[in-house]
Amino acid sequence: MTDKEKFLSILTYEEFDKRRGEFKELSMSDKDILEHASKIFGKSPNPPEELYTILPNGKRVIGNKKDYNE
């Protein structure tokens, strides 16, 4: 069984996490691998609105502008 076939047989993220070392050489540019990965990894339930913000003074801060006073 190839690494690709092993990866495609995994059903949960937990199973992948236990065996992640086996899949380091897989190419995420392979369409089948990419589609399967998106199924087992899922999406973040609460993605942030902004990862970081650049304030008018040029300073970069993590989060939204409203969290910082200038």
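Please refer to the structure placed before this passage.
For every chain, the first residue of the written sequence is number 1, and numbering continues from 1 onward in sequence order. At least 70 in pLDDT is required for a residue's local features to be given in this predicted model, at least 80 for side-chain atom pairs to be given and counted, and no such filter applies to totals for whole chains, interfaces and linings, which use all residues. Water and hydrogen atoms were dropped before computing side-chain values, which therefore reflect all heavy atoms in the structure.

What follows deals with the pattern of salt bridges. For salt bridges, the criterion is a side-chain nitrogen of Lys or Arg within 4 Å of an Asp or Glu carboxyl oxygen. Using the criterion set out here, one finds 5 salt bridges in the structure. Residue D30 is joined to K4 by a salt bridge in which the shortest nitrogen-to-oxygen separation is 3.1 Å. Placement of the pair is D30 in the loop between α2 (13–19) and α3 (31–41) and K4 in helix α1 (residues 3–9), with a sequence separation of 26 residues. Here the term buried applies to any residue with accessible area under 20% of the maximum for its type, exposed to any over 50%, and partly exposed to those in between, with areas from a 1.4 Å probe on protein chains only. Relative accessible area serves as the criterion here: at 26%, K4 is assigned to the partly exposed category. Of the charged contacts in the structure, one is a salt bridge between E22 and R19, with a shortest N-O distance of 3.1 Å. Given a relative accessible area of 35%, E22 falls into the partly exposed group. Classification of R19 by relative accessible area gives partly exposed; the value is 24%. Each member of the salt-bridge network shares a partner with another, and the members are K4, D30 and D32. Put simply, DSSP marks the helices as runs of H or I at least four residues long and the strands as runs of E at least two long, and each gets a number from the N terminus on.

Let us look at the nonpolar core. The term nonpolar core refers to a set of buried residues drawn from Ala, Val, Leu, Ile, Met, Phe, Trp, Tyr and Cys, joined through side-chain atoms within 4.5 Å. If you look at the biggest cluster of nonpolar residues, it comprises 8 residues: F7, I10, F16, F23, L26, I33, A37 and I40. The biggest single contributor to this core is α3, with 3 residues. Contacts were defined at the residue level, with two residues in contact if any of their heavy atoms lie within 4.5 Å. Setting aside chain neighbours within four positions, we find F23 in contact with D3, K6, F7, I10 and F16.

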